[in-house]
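One letter stands for each residue in the lines below.
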Amino acid sequence: MLPADCSRRLVAELRDALDACAERQRQLERSLRVSRRLLRTWEPETPAAEPAPGPETNEEVPPPACTPSRQELKELELLTQALEKAVRVRKSMSKAGERHKALSLKSGDAATSASTASAPSRASSQAGSQASETKPPRGAHQTTVPARGLPEGRLPSVGDRTRMARGARATKPGPGLRDQQITASAAPQAPEAFTLKEKGLWAQFSSTQTSDSRDAATTAKTQFLQKMKMTSGWPGSGLSAAEVEAEVGLLRKACSLLRWRMEEELSADPADWMQEYHCLLTLEGLQAITGRCLHRVQELRAAVAGQQLKPWPEGRCPRASMPCEGRTDSSWSPQLLLYSSTKELQTLAALRLRVAMLEQQIHLEKVLMAELFPLVSTRDPQGPSWLVLCRAVHSLLCEGGERFLTILRDEPAD
Amino acid sequence: MGRRRLRGHRGDAVGALPEAIAALSQTLPAGPSPEIFRRAKFDRPEAAPALWQLLFRVLSPLPADGASASPASPTSPALEAQVHLVKSALRSQGYPRRALAQLPEDGSQGSRELLLALAWLLARGPLLEQLLAQTRVRLGDEIPLCECEALASAGPLPPRQEADGPVDIRHLQWLMGKLRFQWRNLITSQQEQCALLGKIHSYTRGCHSDRSLGHLSVAETELFRDPEGGRQLLQRLESENARLEAALVWWRQELVFWKWMDTVLGACPLEASQPTFLPRIPTVGASELELVARELQALHEELRGVAEPRRVAWEARAGGWGPEWTAVQRASQEAVGRELATLQRAWEQGEALAQTHGPRRLVKRDAGASGGPGLRAAELIGVLRSRETCLEAVLGRLQTRCWQELTRLAGARPGLLWILPPGR
């Protein structure tokens, strides 16, 4: 049995780790539910209906690749007839579609003035929806069905604009499907138009960051901060708990980097005296830097002690409520992460988790070392529980809790 | 609302101040009305609760994505808890005025102090930019890349019932095993999610109006399926646009606000010069500091242990070397100095993984496609692999050190055979 305070600390650490893991799992489950639900509409239908991967890469490809096979067209027609019945049930959804279209037409205008990309983008969305017709035929139908309930007056207007924009792309399989394609593209246009407008606004941000008025504002802010400091009666060493924490993080990194460098030097074999000298100087330099870091630690200790920092509620603190500060300075356009295959994405995600897991393991290892070794050295080696403790400590600290050693009494053979 | 002092003072900037404050309050999440700001200048008690709530919202990390629907969720804590957290957070960030800590916990007083606190936060860093980036409507798919995101989305942690009393070490072993199992589950789930995302991205190829993206994300595909959700998304985008426009107005007008804040500060009574002492309680940070101190101390000892004998041996050998030796010596010293400076910069200037910070939208693109902006997964994989190797080395080293220490301690009881488990 471990002493109470030690137990409490260790259990708390391990439970923190478990909670963090559980939280990640919860978020993953949420995303998984959504993804599975989306794919259910594609996958249960025969996967054989999917055409060759040709259309994926190039929409300019001539008709044969884009046009679905005769058999697929027949299936689509059958499905369309079946779904027409469902339209009556979905009258209310048609209203939603109408509003979408109204908004898209309105904001489409706004977007055109804001950015010139809207015209070609609408064109490509036509091509896109066509491709989407061929790839997951059933899926697209669900959204085109409400559109059939719309007044006929709307369709031609959108159709005209799009037909003009499309021009030479005359690879539509049939008139029946064409209407559906046009209206299918209308639904996502509204948010796309908004995102275009939004991109314009974000772009304006980066331009406002650098104007002259910003300098005046910055000066005013600095002066304000100084006045705030002067009016307070607090002596304060000028260090906040958040800053201390940040420095501790840096020092931790420093320690591991210094150690790594030391081991590199120690493992290298100096070929001549010059290299030996180099090695000696490096080791002494590392020693000096470590000394300076230790000095910094003393200073931080004094600051923490002198500041009488109030504790966080319930001993648990949200780390740096404004993380990733560096990001906000860079451009406001959304950053992309490009991957080329599912395998690659899986490798990336698995590696990321592995790195996080290793970091957690290292932290736990250090905590366990700090708590358990004193116990082993202070407990009576001849006592009954000492061996049990040693075995458990070995397993936890040296084998990551995965394997156990065996202890045998070395009896002399008679 | 009686006093109209502002009009007399500011001359042509009269209209600008209310406009600036209105813009600020619209940009902030849970921003109170401009009237609250005005009342806060005169320290009116009715303005206090709104400002406590605003500061709470600004200072606490955002809940996970699922809660994005309602900003004022029913599970937000009571005013007292909010007051407590705001005080702790401000103290931890180094808020210089003592008056805040002395405000009553029921949140009924102190609106002027809270207004000063808000201004202090705004002045210190890019607060608005960070808030806007946090609440930005994200249509793309993401996989969690950087640690900050994982922590930020965890939300405020509920207080846990700690196990009091001594615990068997087998309980710890059980917890470790449970942790290992959970990680394995996590990795499997993540692999499945990646596979599903890959499929959705392939199926929706060509559907996106933005050619550089090429395919839909899960959120956008949902838009196709669910017009109701689409309406909600539109609303969110609309409100985000409104906030962005307000923020632009604010940045044009903020000088007026700062001049006004000077007057607010002037209206405060000066604090007494001798501080009252708060009870000192060891913080969580202090123990981390101790851990680092111990590590650095151990490293220092080791370095001294290897460097000193070498120096002695060297001095003994380098006795009668000629004058060209000093030139070589100096060159070596400079070279070593440069190397060590580079090493120091490595931890002082932030991680090499800086580019993984911040959310990134996943986009599937063929390997042969020409470049454009965006981080390639292959690069990131390379960086992560080297980090993985580094961490594995660190862990291995720690475990070896433990083994050596245990061997030393086991010497206290001779006459035993310690049979190790089959090798890793």
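Residues numbered from 1 in each chain as written. Chains lettered and ligands numbered in written order. Predicted model: local features only at pLDDT ≥ 70, side-chain atom pairs only at ≥ 80, totals over all residues. Heavy atoms only, no water.

Looking at an unreviewed UniProt entry, one finds chain B named Tubulin epsilon and delta complex protein 1 isoform X1, with Zalophus californianus as its source organism.

An unreviewed UniProt entry lists chain A under the name Tubulin epsilon and delta complex protein 2 isoform X4, with Zalophus californianus as the source organism.

Engineer: Help me out: how do you make sense of the overall build of chain A in this one?
Structural biologist: Within chain A, the secondary structure is distributed over 14 helices and two strands. Expressed as a percentage of its 414 residues, the buried residues of chain A come to 46%. Within chain A, counting contacts between residues at least 6 apart in sequence, those at least 24 apart form 75% of the total. Carbon together with sulfur atoms contributes 56% to the accessible area of chain A, which is approximately 19,900 Å² in total. (Helix = DSSP H or I, 4+ residues; strand = E, 2+ residues; numbered from the N terminus. Buried < 20%, exposed > 50% of the residue type's maximum accessible area, 1.4 Å probe, protein only. Contact = heavy atoms within 4.5 Å. Areas by Shrake-Rupley, 256 points an atom, 1.4 Å probe, with all protein chains shown as cover.)

Engineer: Explanation requested: the overall build of chain B in the structure shown.
Structural biologist: From N to C terminus, chain B includes 14 helices and three strands. Relative to its full complement of 424 residues, chain B shows a buried share of 46%. Nonlocal contacts in chain B, meaning residues at least 24 apart in sequence, comprise 74% of its contacts between residues at least 6 apart. Accessible surface for chain B amounts to roughly 20,500 Å². Of this, 56% is attributable to carbon and sulfur atoms.

Engineer: What's the story with the nonpolar core in this structure? I'm lost.
Structural biologist: One broad rule of soluble globular proteins: the nonpolar side chains tend to lie buried together. Membership of the largest hydrophobic core comes to 73 residues, with the highest contact counts inside it found for A:Leu348, A:Leu372, A:Val393, A:Leu397, B:Ile169, B:Leu172 and B:Trp183. For this core, the secondary-structure elements that each account for two or more residues are α1 (4–40), β1 (335–339), α13 (342–378) and α14 (385–398) of chain A together with α9 (169–203) and α14 (377–410) of chain B. A per-element tally of this core places α13(A) first, with 18 residues. Look past the residues within four positions of B:Trp183 in its chain and what remains in contact with it is A:Cys21, A:Arg24, A:Leu353, A:Ala356, A:Met357 and A:Gln360. By size, the runner-up hydrophobic cluster in this structure holds 57 residues, among which are B:Trp52, B:Leu118, B:Leu244 and B:Trp260. (Core = buried A, V, L, I, M, F, W, Y, C linked by side-chain atoms within 4.5 Å.)

Engineer: I would appreciate a short explanation of unusual backbone geometry in the present structure.
Structural biologist: Most peptide bonds are trans, and most residues other than glycine sit at a negative phi. Residues and elements named next belong to chain B. If you check the backbone angles, Ala-30 has positive phi at about 55° while not being a glycine. Summarising the element assignment, Ala-30 is placed in the loop between α2 (16–27) and α3 (34–41). The phi torsion at Asp-43 lies on the positive side, around 60°, for a residue other than glycine. Mapping Asp-43 onto the fold places it in the loop between α3 and α4 (48–59).

Engineer: Mind showing me how you'd approach the sheet that holds strand β2 (residues 375–376) of chain B here?
Structural biologist: What holds strands together in a sheet is hydrogen bonding between their backbones, with the strands either parallel or antiparallel. Reading across from one edge, β1(B)-β1(A)-β2(B) is the order of the three strands in this open sheet, with parallel pairing throughout. The open sheet has two edge strands, β1 (360–364) and β2 of chain B, and neither has a second partner. One ladder, built from five bridges, connects β1(A) with β1(B); its direction is parallel. Looking at β1(B), one finds that A:Tyr339 is bridged to B:Lys364. The sheet contacts of α13(A) involve β1 of chain A together with β1 of chain B, and relative to β1(A) the element is tilted by about 120°. (Pairing = 2+ DSSP bridges. Axes fitted to C-alpha atoms, helices over the stretch in contact; angles between N-to-C directions.)

Engineer: Looking at this structure, I do not really get the side chain of A:Gln287. What am I missing?
Structural biologist: Within the element layout of this structure, A:Gln287 appears in helix α12 (residues 273–307). Setting aside residues no more than four positions away along its own chain, A:Gln287 makes contact with B:His300, B:Leu303, B:Arg304 and B:Ala307.

Engineer: Could you clarify how one ought to interpret the pattern of salt bridges in this entry?
Structural biologist: If charged atoms from side chains of opposite charge come close, those side chains can pair. All names here are of chain B. Enumeration over the complete set of coordinates arrives at 32 salt bridges over all chains. Its salt-bridge partner being Glu-35, residue Arg-38 comes within 3.6 Å of it at the nearest N-O pair. Placement of the pair is Arg-38 and Glu-35 together in helix α3, with a separation of three residues, close to one helical turn. Between Glu-315 and Arg-311 there is a salt bridge, with the nearest N and O atoms lying 2.6 Å from each other. Here the residue Glu-315 and the residue Arg-311 both occupy positions in helix α12 (residues 284–317), the gap between them amounting to four residues, near one helical turn. The exposure class assigned to Arg-311 is partly exposed, which follows from its relative accessible area of 23%. (Salt bridge = Lys/Arg side-chain N within 4 Å of Asp/Glu carboxyl O.)

Engineer: Explanation requested: the packing of α1(A) against α13(A) in the structure shown.
Structural biologist: When two helices pack together, their arrangement is given by the angle between the helix axes and by the axis-to-axis distance. Residue and element names in this part refer to chain A. Close contact between α1 and α13 brings their axes to 10 Å; oriented N to C, the two are set at 175°. Relative to α13, the element α1 is oriented roughly antiparallel. For the pair formed by α1 and α13, the contact residues are Cys-6, Arg-9, Leu-10, Glu-13, Leu-14, Ala-17 and Arg-24 on the first element and Leu-353, Ala-356, Gln-360, His-363, Leu-364, Val-367, Leu-368, Glu-371, Leu-372 and Leu-375 on the second. A per-class count over the contact of α1 with α13 returns 11 nonpolar, two polar and four charged. (Parallel < 35°, antiparallel > 145°, perpendicular 65-115°, else oblique. Nonpolar A, V, L, I, M, F, W, Y, C, P; charged D, E, K, R; others polar.)

Engineer: Would you mind going over α14(A) with me for this structure?
Structural biologist: Since there are 3.6 residues in each turn of an α-helix, residues three or four apart along the chain are aligned in direction. In this model α14(A) runs 19 Å from its N-terminal to its C-terminal C-alpha over 14 residues, within 8% of the 20 Å that 1.5 Å per residue would give. A large share of α14(A) lies buried, amounting to 11 of its 14 residues. A:Trp386, A:Leu387, A:Leu389, A:Cys390, A:Ala392, A:Val393, A:His394, A:Ser395, A:Leu396, A:Leu397 and A:Cys398 are the residues of α14(A) that are buried. Buried-residue contacts for α14(A) involve α13 and β2 (406–409) of chain A together with α9, α14 and β3 (416–419) of chain B. (Expected span 1.5 Å × (residues − 1).)

Engineer: So what exactly am I meant to see when it comes to the confidence of the model for chain B here?
Structural biologist: Regions with low pLDDT carry predicted coordinates that are not meant to be interpreted in detail. Residues and elements named next belong to chain B. Looking at chain B, the pLDDT average stands at 79 and 80% of residues meet or exceed 70. Taking the mean pLDDT of every element in chain B, the minimum, 47, falls on helix α1 (residues 5–10) and the maximum, 93, on α9. When the criterion is pLDDT under 50, residues 152–156 qualifies, and its contacts beyond four places in sequence or with other chains add up to 12 contacts. Confidence drops under a pLDDT of 50 for residues 278–282, and excluding neighbours within four residues, the segment shows seven contacts in the predicted structure. Overall fold confidence (pTM) sits at 0.67, and the ipTM for the predicted complex is 0.76. (pLDDT = per-residue confidence, 0-100.)

Engineer: Even after reading the chapter, I still don't get the confidence of the model for chain A, so can you show me in this structure?
Structural biologist: Residues and elements named next belong to chain A. Confidence in the prediction for chain A averages 67 pLDDT; 50% of positions are at 70 or higher. Looking at the elements of chain A, mean pLDDT is at its lowest for helix α8 (residues 154–166), recorded as 36, and at its highest for α13, recorded as 91. Confidence drops under a pLDDT of 50 for residues 309–331, and excluding neighbours within four residues, the segment shows 50 contacts in the predicted structure.

Engineer: How do you make sense of the packing of aromatic side chains when you look at a structure like this?
Structural biologist: Aromatic rings considered in pairs are described by the distance between their centres and by the relative angle of their planes. This structure, assessed with the given rule, holds six aromatic pairs over all chains. When the centroid spacing of 5.1 Å and the interplanar angle of 85° are considered together, the rings of B:Tyr95 and B:Trp120 count as edge-to-face. Pair noted here: B:Tyr95 is in the loop between α5 (79–92) and α6 (111–124) and B:Trp120 is in helix α6, with a separation of 25 residues, a long-range link. On the basis of relative accessible area, B:Tyr95 is assigned to the buried category, the value being 2%. Within the aromatic cluster, the residues linked to one another by ring pairs are A:Phe224, B:Trp250, B:Phe257, B:Trp258 and B:Trp260. (Phe/Tyr/Trp six-rings, centres within 6.5 Å; stacked < 30°, edge-to-face > 60°.)

Engineer: It is not clear to me how α4(B) should be interpreted in this structure. Could you clarify?
Structural biologist: All names here are of chain B. Over its 12 residues, α4 extends 16 Å from the first C-alpha to the last, a length consistent with the 16 Å expected when each residue adds 1.5 Å. By the criterion of burial, α4 is predominantly enclosed, with nine of the 12 residues buried. Looking at the buried side of α4, the elements it contacts are α3, α5, α6 and α7 (127–134).

Engineer: I tried to follow the environment of B:Gly94 on my own but got confused; where do I start?
Structural biologist: Relative to the assigned elements, B:Gly94 resides in the loop between α5 and α6. A relative accessible area of 28% places B:Gly94 in the partly exposed class. Apart from the residues lying within four places of it in its own chain, the contact partners of B:Gly94 are A:Ser240 and B:Trp120.

Engineer: Explanation requested: the environment of A:Leu266 in the structure shown.
Structural biologist: Residue placement: A:Leu266 occurs in helix α11 (residues 241–267). For the pair A:Leu266 and A:Cys279, spaced 13 residues apart in sequence, the C-alpha to C-alpha distance is 8.2 Å. Discounting residues that sit within four places of it in the chain, A:Leu266 has contacts with A:Leu283, B:Val306 and B:Arg310.

Engineer: Help me understand a nonpolar patch on the surface in this model?
Structural biologist: Together, A:Leu408, B:Leu417 and B:Ile419 make up a nonpolar patch on the protein surface, roughly 220 Å² of accessible area in all. By the secondary structure assignment, A:Leu408 is in strand β2. The exposure class of A:Leu408 is partly exposed, given its relative accessible area of 38%. (Patch = residues over 30% accessible without salt bridge, like charges linked within 9 Å, V, L, I, M, F, W, Y side chains within 5 Å.)

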